[in-house]
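For reference, the chains in residue letters:
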Amino acid sequence: LIGTCTHFESRNNGWKVEKLIPLIKDAGIACVRSEIKWEDVEKVKGVYQIPDEGENWVSKCVEAGFGIILILDYGNPKYENPLDPEGFAKYADFMASHYRDNKNIVAYEIWNEPTNFFFYNQYGGKWSGEEPSLWREKFCELLYKASKAVREANPSAKIITNPGEPQFYHMLKNNPDAFEFIDGVSHHPYSVRFPPETVPFGGGEISAEHGVAIADDDHSFISLFRKTNEYARRFLGRELKLYATEFGFPTFCHHSKVSWFHGYNETTQAAYLVRQLILAFSSGINTPCVY
């Protein structure tokens, strides 16, 4: 399946599911990745309810025959610690129980980019997850408890997470138990200003800085996923299913500030997307999601 990232939970910002589903279908895409946030489900502490817009986009995607990668994510200000692992696990349990019989759920993705969203900022430590790194320890605690809750609520569920590239290695090395119930790992292999065959975090100085070689010295896209399972076999004794739940080549360009991303014209965007999808499938990636 080819997937796409959506923000159907943000209907008021233009993400109207009934208008976008026909466009997604016309593109030949068969899966969507979207979220129903913890803070929107548990607005009163201890009371869980899927918001209407959440139920609406899920039901519309089911009617369209789409697979769904459902992201379980982000903090809840109703808690003294908005990243409370026990509270998040109860939300995860509710979500997996609520959608237990929904066969369109391809996977539950626990959190999204913890270094960019809350864990790194709240707890601190090394960005890469290399010791010492309190944010990594706290994220792994939440990951274990949430994935255990999903597994108990729905034993057949696919559970994935996207901790980041060097971060994944340091989690496996220091917190392998956090992956006990995890079926797969997702990377977000944006090539930014490089061709799609490359990733901007390979060997050499980058590896030395973060304590691990994430890709080979040629920075090849394929080596990122090969090394992912080399590390999984070393630290977990098993392979993980591979996902790429975000990648893409935006046409938008920031003219007012320095940005990793540089706008492409639509012809280049289309050619690069095709090349990266071919690379994804040749790397054994499940449901690559264009963003």
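> Help me understand unusual backbone geometry, please; the structure alone is not making it clear to me.
The omega torsion of the bond from E131 to P132 falls at -10°, within 30 degrees of zero and hence cis. Assignment of secondary structure puts P132 in the loop between α5 (119-123) and α6 (134-153). Here V192, not a glycine, exhibits a phi torsion of approximately 45°, which is positive. Residue placement: V192 occurs in the loop between β6 (184-187) and α8 (205-210). For V192, a relative accessible area of 5% gives the class buried. With a phi angle near 50°, T287 is a residue other than glycine that sits in the positive phi range. Examined against the element boundaries, T287 turns out to sit in the loop between β8 (285-286) and β9 (289-290).

> Whenever I open this one, the nonpolar core confuses me. Can you help?
When a protein is soluble and globular, its nonpolar side chains tend to lie buried together. Counting 75 residues, the largest nonpolar core has W57, L70 and M95 as its most contacted members. Among the elements that take part in this core, α6 stands out by supplying eight residues, more than any other. Residue contacts for M95: discarding those within four places in its chain leaves I36, V41, I50, L70, L72 and Y108. Among the nonpolar cores identified, the runner-up in size contains seven residues, and C5, C31, I69 and C289 belong to it.

> What is the right way to read the sheet that holds strand β3 (residues 67-72) from this model?
In a beta sheet, neighbouring strands are held together by backbone hydrogen bonds and run either parallel or antiparallel to one another. Reading across the sheet, the nine strands line up as β8-β7-β6-β5-β4-β3-β2-β1-β9 and stay open at both edges, with parallel pairing between neighbours. Every interior strand has two partners, whereas the edge strands, β8 and β9, have only one. The pairing of strand β7 (residues 241-244) with β8 spans two bridges and is classified as parallel. Considered in β8, the bridge of L242 is made with I285. Sheet contacts for helix α4 (residues 85-98): β3 and β4 (105-110); angle to β3, the most-contacted strand, approximately 160°. Strand contacts of helix α9 (residues 221-236): β6, β7 and β8, with the helix running at about 145° to β7, the strand carrying the most contacts.

Calculation rules
Along each chain, numbering runs from 1 in the same order as the chain's sequence is written. Residues qualify for local features only when their pLDDT is at least 70, as the model is predicted, and side-chain atom pairs are given and counted only at 80 or more; totals for whole chains, interfaces and linings, by contrast, use all residues. To obtain the side-chain values, all non-hydrogen atoms of the structure were used and water was disregarded. Numbering of helices and strands runs from the N terminus; a helix is a DSSP stretch of H or I covering at least four residues, while a strand is a stretch of E covering at least two. Three labels apply to residues, based on accessible area from a 1.4 Å probe with only protein chains included: buried if under 20% of the type maximum, exposed if over 50%, partly exposed otherwise in between. We define a nonpolar core as any set of buried Ala, Val, Leu, Ile, Met, Phe, Trp, Tyr and Cys residues linked to one another through side-chain atoms lying within 4.5 Å. Contact criterion: two residues are considered in contact whenever any of their non-hydrogen atoms come within 4.5 Å of each other. At least two DSSP bridges between two strands are required for those strands to pair. Fitting a line to C-alpha atoms yields each axis, with helices limited to the stretch in contact; the angle taken between N-to-C directions then spans 0 to 180 degrees.

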